[in-house]
Amino acid sequence: MIPGLRAVVVSGLSGSGKSTALRVLEDLGFYCIDNLPVALLPRFIELWESSREDVGRVALGIDVREGRFLHEVPRVFDELRAAGVDLEVIYLEASDDVLVRRFSETRRPHPAADGGALADGIRREREALRTLREMADRIIDTSAFTVHELRAALRARLESPESGAMTISLVSFGYKYGLPTDADLALDCRFLPNPFFVEELRHRAGTEAPVAEYVLRRGETQEFLQRVVELLEFTLPRHQREGKSYLTIALGCTGGRHRSVVLVEELRRRLVDRGHRVLVRHRDVER
């Protein structure tokens with residue numbers, strides 16, 4: 001094989017957005033193929049390289065339909081990397097209730113349900129893909145993503161960035177709804193006074209000026225933001241040195257509507273001012 005080939009493997013739970021991910025990759029110029037048997041991946045890449053001079057990027061979809069061939073995944077991935085392929089594995093997942101809702105809306109059968117209960121199919125699929133999930137370079141929880149947000153997140157992750165550039169993804173969330181599973185770093189901002197207990201702010205979101213003013217006017221908020229920026233200025237170059245090009249930082253408050261939203265928006269402003277590429281997602285602001 002020719003070193004320099006980039007291959008992205010997209011896997012994950014049915015209903016979590018794998019088809020959308022492959023369409024995004026196709027838009028980005030990847031040659032995409034879905035559900036190719038794992039054992040044929042090395043041969044497929046050899047044939048593709050020998051038949052085209054301009055090959056550089058290939059995307060492959062792998063899911064539970066692989067069945068008994070899934071146990072060959074570790075060996076095949078090791079072979080590809082040993083041959084010089086720049087291989088990245090992206091695993092998509094979502095919570096059970098979100099997956100149930102998505103399948104109910106589309107009325108499609110779950111591939112692992114075998115005619116039985118949908119919940120049992122989801123459970124079986126999670127277990128079947130457990131090893132592949134453990135091998136993933138990046139796990140993306142799409143539970144709170146719209147299709148457009150998933151597209152944006154994947155494009156930011158997979159587009160070839162400028163040399164030396166890193167994309168920072170800032171996510172606000174509510175602890176009552178659980179930690180974002182794709183976070184590299186989670187910061188708790190529940191120590192700050194909560195606008196929820198101020199009558200005129202309770203039903204407003206952190207994107208609104210009165211809530212932002214309430215949170216940001218406090219000295220402890222400003223000190224916290226300054227320390228976070230200093231932490232990132234210290235760690236980001238070291239992450240880049242290790243080859244990391246995408247970092248997800250989650251800030252959480254109780255419900256994900258007020259404090260965490262304000263802090264994410266302010267961090268975005270400060271990081272952009274310092275020349276960083278920043279994406280923002282407010283996971284729970286509409287709950």
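Residues numbered from 1 in each chain as written. Predicted model: local features only at pLDDT ≥ 70, side-chain atom pairs only at ≥ 80, totals over all residues. Heavy atoms only, no water.

(A) Quick peek at unusual backbone geometry. Even without being glycine, Asn35 reaches a positive phi, approximately 65°. Its place among the elements puts Asn35 in the loop between β2 (31-34) and α2 (41-51). Of the residues examined, Asn35 reaches a relative accessible area of 27% and is grouped as partly exposed. (Helix = DSSP H or I, 4+ residues; strand = E, 2+ residues; numbered from the N terminus. Buried < 20%, exposed > 50% of the residue type's maximum accessible area, 1.4 Å probe, protein only.)

(B) Spotlight on the sheet that holds strand β1 (residues 6-12). A sheet is described by the order of its strands in space; here 5 strands give the open sequence β2-β3-β1-β4-β5, paired in parallel fashion. Looking at strand neighbours, the two that pair on one side only are β2 and β5 (138-141), the edges of this open sheet. Direction aside, the axes of adjacent strands within the sheet are offset by 20° on average. For β2 and strand β3 (residues 57-61), the ladder comprises 4 bridges, and the chain directions are parallel. For Asp34, the partnering residue across the bridge sits in β3 and is Gly61. (Pairing = 2+ DSSP bridges. Axes fitted to C-alpha atoms, helices over the stretch in contact; angles between N-to-C directions.)

(C) Seen up close, the packing of helix α8 (residues 209-216) against helix α10 (residues 259-273). Across the interface, α8 lies against α10 with an axial gap of 9 Å and an inter-helix angle of 85°. As judged from the angle between their axes, α8 and α10 are roughly perpendicular. Of the residues in α10, those touching α8 at Val211, Ala212, Val215 and Leu216 are Arg259, Val262 and Glu266. Each residue belonging to the contact of α8 with α10 can be placed in one class, and the counts come to 5 nonpolar, no polar and 2 charged. (Parallel < 35°, antiparallel > 145°, perpendicular 65-115°, else oblique. Contact = heavy atoms within 4.5 Å. Nonpolar A, V, L, I, M, F, W, Y, C, P; charged D, E, K, R; others polar.)

(D) Inspection of the layout of surface pockets at higher detail. Of the voids in this model, the largest pocket is the one considered here, and its volume is about 620 Å³. Taken together, 25 residues line the largest pocket, and the ones lying closest to its centre are Gly15, Ser16, Gly17, Lys18 and Arg108. When residues of the lining of the largest pocket are traced back to their parent elements, those giving at least two are α1 (18-27), α4 (96-106) and α7 (147-158). Each residue belonging to the lining of the largest pocket can be placed in one class, and the counts come to 7 nonpolar, 10 polar and 8 charged. The volume enclosed by the second largest pocket comes to roughly 390 Å³. What lines the second largest pocket is a set of 22 residues, among which Ser143, Ala144, Arg283, Asp284 and Arg287 lie closest to the centre. Looking at the lining of the second largest pocket, the elements with two or more residues in it are α4 and β9 (277-282). The class makeup of the residues in the lining of the second largest pocket is 7 nonpolar, 5 polar and 10 charged. (1 Å grid on protein atoms, 1.4 Å probe; cavity = no way out; pocket = protein on both sides within 12 Å on 5 of 7 lines; lining within 4 Å. Points joined across faces, edges and corners; volume = space filled by probe spheres on them.)

(E) Quick peek at the nonpolar core. Counting residues in hydrophobic clusters, the biggest one holds 29 residues, and the most contacted among them are Val9, Leu41, Ile62, Phe77, Leu87 and Leu132. Elements with a contribution of two residues or more to this core: β1, α2, β3, α3 (73-82), β4 (86-93) and α4. For this core, the element with the highest residue contribution is α3, accounting for 4 residues. Among the nonpolar cores identified, the runner-up in size contains 28 residues, and Leu192, Tyr214, Val215 and Leu225 belong to it. (Core = buried A, V, L, I, M, F, W, Y, C linked by side-chain atoms within 4.5 Å.)

(F) Representation of the pairing of β4 in the model. The buried fraction of β4 amounts to 7 of the 8 residues, a majority that puts the element mostly inside the structure. Relative to β4, β1 runs parallel, the two being bridged by 7 bridges. By the bridge assignment, Val9 is partnered in β4 with Val89.

(G) Main features of the sheet that holds β9. The 4 strands are arranged β7-β8-β6-β9 in an open sheet whose pairing can be described as parallel. Strands with a single pairing partner mark the edges of an open sheet, and in this sheet they are β7 (185-188) and β9. Strand after strand, the sheet turns through a mean of 20° between neighbouring axes, direction not considered. Alignment of β7 against strand β8 (residues 246-253), held across 4 bridges, turns out to be parallel. Bridging across to β8, Leu185 finds its partner in Ile249.

That is the geometry; function is a separate question.
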